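Chain residues, written in single-letter form:
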Amino acid sequence: MNPAVFPLSVPMGFRLLVTGGSGQLATALRQRGGAAVRVVGRPEFDFARPDTVVRIMQAVRPDLVINAAAWTAVDAAEDQPDLARQANAEGPGLLAWLCAGQAVPMLHVSTDYVFSGMKGQPYTESDPVSPRSVYGRTKAEGERAVLNACAQAMIVRTAWVYGPTGRNFIRTMLDAARRHPQLRVVDDQCGNPTCAGDLADALLGIAARILHTGWQPHYRGVFHAAGSGSCTWHELACAALGHATRHGAPAPPPVMPITTADWPTPAARPMDGRLDCSRLRHVFGLELPHWHESIGPVVAAMVRQDRQVLSG
């Protein structure tokens, strides 16, 4: 089986509830999931207002829930831990409890930031979590809350998500390249760049399998789902800017590699957050494409958007 092809479609008549509103993953799930997907976000669905979570679950009566809602402002979480915990742990725990009450499977999206990045090898699902930031700690708490509340729960950890919409590293680099004569990008942190569309396809493939077969005991627990291949932030920036130039953007400024110590941030990042995704391949037959394959079309879409904004 070609690992980049997801063979199952969501069966007709099933309802997938996706949280995350206009976030890049929720947007990709809406675009690729079609009529089966109902996407909700604030203010209609807000973890800060638990009554809205209850109301949506009662109104939609979904067959499966994909939770793509989260507090993702990594540095801001250091100053607002209670809000981050509400969005990343308490809210998902409530949603999982409601899913359990309706006997609905839940896929909860998590992150490589639950790891310290000090292992020196790709992390497997059985490695103990060791977050270095408030964001990472609240996401780890959310994983535990979801698994404790719902027997039909799956944690899907991913990393370095980017897409043509929303805020992400590649968008930041393209914007910065237009404003600065030189860019400085960290070159001693590595991970797995993950295209939001590829991740959406994987989540929809998992959901389709669950809905086709019914919940199976070996679906429960933690899975890693990230783009194949790894790189540093500097390598990713250079690749993105190179694709942008090939699609008509101006030649980028020099991109200087720097160390983490040269670019201090309030929240510590994993130095090596690479994820081993072999369990996803073994259980579901799914493997996300290599990031080299996926970055080009995403950057091309961003360049087209920028051209439309400048001409409009």
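1. So, the overall build of the chain
On a plain count of helices and strands, the chain comes out with 10 helices and 12 strands. For a compact globule of 312 residues, the expected C-alpha radius of gyration is about 20 Å, and the chain comes in at 19 Å, within 12% of that figure. Dimensions of the chain, computed from C-alpha atoms along their principal axes, come out at roughly 55 × 40 × 40 Å. A burial count over the chain gives 54% of its 312 residues as buried. Look at the contacts in the chain between residues 6 or more apart in sequence, and 80% of them connect residues 24 or more apart. Total accessible area on the chain is roughly 13,600 Å²; 54% of this is exposed by carbon and sulfur atoms. Charge-centre separation for the chain: the mean point of 29 positive side chains lies 5 Å from the mean point of 26 negative side chains.

2. Some words on the nonpolar core
If you look at soluble globular proteins, the nonpolar side chains tend to sit buried side by side. The biggest cluster of nonpolar side chains holds 35 residues, and the ones touching the most others in it are L16, M154, L203 and F284. Mapped onto this core, the elements with two or more residues apiece are strand 1 (16-19), helix 1 (24-33), strand 2 (37-40), strand 3 (64-67), strand 4 (106-111), strand 5 (153-158), helix 7 (196-213) and helix 9 (278-284). Per element, the largest residue contribution to this core is 11 residues, and it comes from helix 7. Not counting chain neighbours up to four residues away, the residues in contact with L16 comprise V10, A36, V37, R38, L64, I66, L204, A207 and L211.

3. Quick word on the confidence of the model for the chain
Residue-level pLDDT values for the chain average 94, and 97% of them are 70 or greater. Note on residues 1-7: pLDDT under 50 across the span, and 12 contacts to partners over four residues away in sequence or across chains.

4. Here we look at the sheet that holds strand 1
Spatial ordering of the open sheet is given by 2-1-3-4-5-10, a layout of six strands whose pairing is parallel. Two strands close off the open sheet at either side, each with one partner strand: strand 2 and strand 10 (221-224). Within this sheet the neighbouring strands show an average axis-to-axis angle of 20°, counted without direction. Bridging between strand 1 and strand 3 involves four bridges; their strand directions are parallel. Pairing of V18 across the sheet is with I66, part of strand 3.

5. Details of helix 4 (residues 81-101)
Taking 1.5 Å per residue, 21 residues should reach 30 Å; helix 4 reaches 29 Å between its end C-alpha atoms and fits that length. By the largest-angle criterion, A87 marks the main kink of helix 4, which is about 35°. A84, A87, N88, A89, G91, P92, G93, L95, A96, L98 and C99 are the residues of helix 4 that are buried. Where helix 4 is buried, its residues touch strand 1, helix 2 (50-60), strand 3, helix 3 (74-77), strand 4 and helix 5 (134-149).

6. Points about the environment of E143
Within the secondary structure, E143 sits in helix 5. Considered as a pair, E143 and G93 are 50 residues apart in the sequence and their alpha carbons are 8.4 Å apart. Not counting residues up to four positions away in its chain, the partners in contact with E143 are H108, S110, V114, V129, I155 and R157.

7. Quick word on the layout of surface pockets
The gaps left among the atoms become clear once a water-sized probe is rolled over them. The volume enclosed by the second largest pocket comes to roughly 250 Å³. Residue lining of the second largest pocket: 14 residues in total, with L174, R178, A249, P250 and D306 positioned closest to the centre. Of all elements in the fold, only helix 6 (169-179), helix 8 (233-246) and helix 10 (291-311) reach the threshold of two or more residues within the lining of the second largest pocket. In terms of residues, the lining of the second largest pocket owes the most to one element, helix 10, which gives four residues.

8. Some words on the packing of aromatic side chains
By the definition in use, this model includes eight aromatic pairs. Here the aromatic residues W215, Y219, F223 and F284 are joined through ring pairs into a cluster of three or more. Over the ring of F223 we find R279, and its NZ or CZ is 3.9 Å from the ring centre.

9. Section: the pattern of salt bridges
Any two side chains of opposite charge can pair, on the condition that their charged atoms come close. Applying the stated criterion across every chain, the model contains 14 salt bridges. One salt bridge in this structure joins D82 and R85, with 4.0 Å as the shortest N-O distance. Taken together, the positions of D82 and R85, both in helix 4 and three residues apart, correspond to about one turn of that helix. According to the relative accessible area criterion, D82 is exposed, its value standing at 60%. Judged by relative accessible area, R85 falls into the partly exposed class, the value being 24%. We note a salt bridge from R171 to D175, for which the minimum N-O separation is 2.9 Å. Placement of the pair is R171 and D175 together in helix 6, with a separation of four residues, close to one helical turn.

10. A short note on empty space enclosed by the protein
Evaluation of the coordinates by the stated rule reveals two cavities of 30 Å³ or more. Residue lining of the largest cavity: D112, Y113, W160, Q189, C190, W233, R269, P270 and G273, and that is the complete set. When its residues are assigned to classes, the lining of the largest cavity shows five nonpolar, two polar and two charged.

What counts as what
Residues numbered from 1 in each chain as written. Predicted model: local features only at pLDDT ≥ 70, side-chain atom pairs only at ≥ 80, totals over all residues. Heavy atoms only, no water. Helix = DSSP H or I, 4+ residues; strand = E, 2+ residues; numbered from the N terminus. Rg over C-alpha atoms; globule rule 2.2 N^0.38 Å. Buried < 20%, exposed > 50% of the residue type's maximum accessible area, 1.4 Å probe, protein only. Contact = heavy atoms within 4.5 Å. Areas by Shrake-Rupley, 256 points an atom, 1.4 Å probe, with all protein chains shown as cover. Lys, Arg positive; Asp, Glu negative; His and termini not counted. Charge placed at Lys NZ, Arg CZ, Asp CG, Glu CD. Core = buried A, V, L, I, M, F, W, Y, C linked by side-chain atoms within 4.5 Å. pLDDT = per-residue confidence, 0-100. Pairing = 2+ DSSP bridges. Axes fitted to C-alpha atoms, helices over the stretch in contact; angles between N-to-C directions. Expected span 1.5 Å × (residues − 1). Bend = angle between axes of the 7 residues up to and from the residue. 1 Å grid on protein atoms, 1.4 Å probe; cavity = no way out; pocket = protein on both sides within 12 Å on 5 of 7 lines; lining within 4 Å. Points joined across faces, edges and corners; volume = space filled by probe spheres on them. Phe/Tyr/Trp six-rings, centres within 6.5 Å; stacked < 30°, edge-to-face > 60°. Lys NZ or Arg CZ within 6 Å of the ring centre and 35° of its normal. Salt bridge = Lys/Arg side-chain N within 4 Å of Asp/Glu carboxyl O. Nonpolar A, V, L, I, M, F, W, Y, C, P; charged D, E, K, R; others polar.

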